[in-house]
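The residues making up each chain are set out below.
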Amino acid sequence: MSELMEQFLALSVSSSPLIPPLPDDVTVDIIARVPISHYPTLNRVSKSFRKLIASCTLYKRRSQLGITQHRIYAVLRSRNPQTRDYFNFYILHRKLNCRNRLVLVEPLPLMSYLGKYVPVGSKVYVFNDLDALSIDCTSHKSQPISDIPQRMSYKVANVVDRKVYLIGGLFFPDESGSLKSAVTVFDTETQSWEPKLVKEDMPVGLGPFLYDSVVMEGKIYMKDYCKGNSFVYEPEERKWGLMDEVLNSKEWERACVVDDILYNHDVSENVLRAYDPKQSCWSVVNGLEKFLAVETARSRWSRTVNYGAEKLALFFHKNQDGKDVIFCAEIALERRQGGGIWGEMESCDVVIEDRLFYRIKFVSVTV
């Protein structure tokens, strides 16, 4: 963001009418070129600005200009003891002083702690125990979608080719009373559920021990606490397989995929690891040793989140000055000659403090 644009934004939110009114189409064209992280600030300028920022016209113009950005949303537990099993939506917002903060998104409904959250285009789809909804991240409005056809236990949700694959367990009391693995598919283009898939050759055991899943090269990788129960699902062929032994050899959790490379912050060894499915090998991301040693050595947990091409966000917890806080570090990634991956820490900010951080989820959306 240029210094001139910073001055423009500062003047826009001031009380003095220094900028004369412009036609809506001109204003839309200007705002479309402003980084979307500044929209919450512009939203406070006037009612007309709020209307333009919430309009489809603005995002259509951004699409025409080929301007898209990644936005990160966090689902955090509410501090209200009466709603302790529900969570609020927050957005990672860059303030004018260039510091990131997690800002509450209103007036979205409270989210269930059982929910699974997946991004598709500019929307986030939320799949609870039985019901489901979508959140439009351009207007922050939600609407229900058709209910999940059948209740699933211990499910994970992933997106391949704009279809959401819910993979979990179904009970069959009329047969053996056992838990069988199943796949249910929601097509975001038609906004409808495909017929439920229950196949005998699916592995049994995708139960309470399944704790992470990612998509690489069009395949869904599901990681289990028990190394023998980690699987790969190929949606195109509807085929199951065991996870690659090398990928399964590391205890990755709360990982993300950037440019088809899996990244995971190993809290126990305090390194950022990368797994390349083409080479079937793990490596350590270079260049972050000093940053990690200083900032994340005492972190209780961490989470890597896709932040666009060749970039990720590393969220981690610390106790600072007696307060529980969440940090967010923006890390640029570079694959160098010879295959090594290097990381550069671009910023590191306290994004929220003095909150309850149980069961945190992050979603990266392209807007």
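What you are looking at is a predicted structure, and each value in this text was computed from that prediction instead of being measured. Residue numbering note: each chain is counted from 1, following its sequence as written. Selection of residues for local features in this predicted model requires a pLDDT of at least 70, selection of side-chain atom pairs for listing and counting requires 80 or more, and totals for whole chains, interfaces and linings are taken over all residues. Only hydrogens and water are set aside; all other atoms, that is, all heavy atoms of the structure, feed into the side-chain values.

Draft legend 1. Expanded view of the layout of surface pockets. Grid spacing is 1 Å over the protein atoms alone, the probe is 1.4 Å, and a cavity is where that probe fits but cannot get out, while a pocket is an open set with protein on both sides within 12 Å along at least five of seven lines and lining residues have an atom within 4 Å of a point. Grid points are joined across faces, edges and corners, and a volume is the space filled by probe spheres set on the points. Space inside the second largest pocket adds up to approximately 480 Å³. Lining the second largest pocket are 21 residues; nearest its centre among them are Pro40, Asn43, Glu106, Ser139 and His140. Those elements giving two or more residues to the lining of the second largest pocket turn out to be helix H3 (39–42), helix H4 (47–53), strand S2 (86–94) and strand S3 (100–104). Amino acid classes used here: Ala, Val, Leu, Ile, Met, Phe, Trp, Tyr, Cys and Pro are nonpolar; Asp, Glu, Lys and Arg are charged; the rest, including Gly, are polar. Classifying every residue of the lining of the second largest pocket gives twelve nonpolar, five polar and four charged. In this description a helix means any DSSP run of H or I spanning at least four residues, a strand means any run of E spanning at least two, and both kinds are numbered starting from the N terminus.

Draft legend 2. Summary view of the packing of aromatic side chains. Ring pairs shown here join Phe, Tyr and Trp side chains whose ring centres sit within 6.5 Å, with only the six-membered ring taken for Trp; geometry is labelled stacked below 30 degrees between planes, edge-to-face above 60, and tilted in between. Here the structure, examined in full by the defined rule, presents 14 aromatic pairs. Between Phe127 and Trp193, the aromatic rings sit 5.8 Å apart at their centres with planes inclined by 70 degrees, giving edge-to-face as the arrangement. Taken together, the residues Phe127 in strand S6 (residues 123–127) and Trp193 in strand S12 (residues 192–193) connect sequence positions 66 residues apart. The two residues Phe127 and Trp193 agree in class, both being buried. Arranged with centres 4.9 Å apart and planes meeting at 45 degrees, the rings of Tyr233 and Trp240 form a pair that is tilted. We note that Tyr233, like Trp240, is buried. Members of the aromatic cluster, joined through ring pairs, are Tyr125, Phe127, Phe186 and Trp193. Definition used: whenever NZ (Lys) or CZ (Arg) falls within 6 Å of the ring centre and also within 35 degrees of the ring normal, the charge is taken to sit over that ring. Cation over ring: Lys318 sits above Phe327, and NZ or CZ is 5.1 Å from the ring centre. Its guanidinium or amino end placed over the ring of Trp342, Arg336 lies 4.2 Å from that ring's centre, counting from NZ or CZ. Remark: exposure states derive from per-residue accessible area (1.4 Å probe, protein chains only) relative to the maximum for the residue type, with buried under 20%, exposed over 50%, and partly exposed in between.

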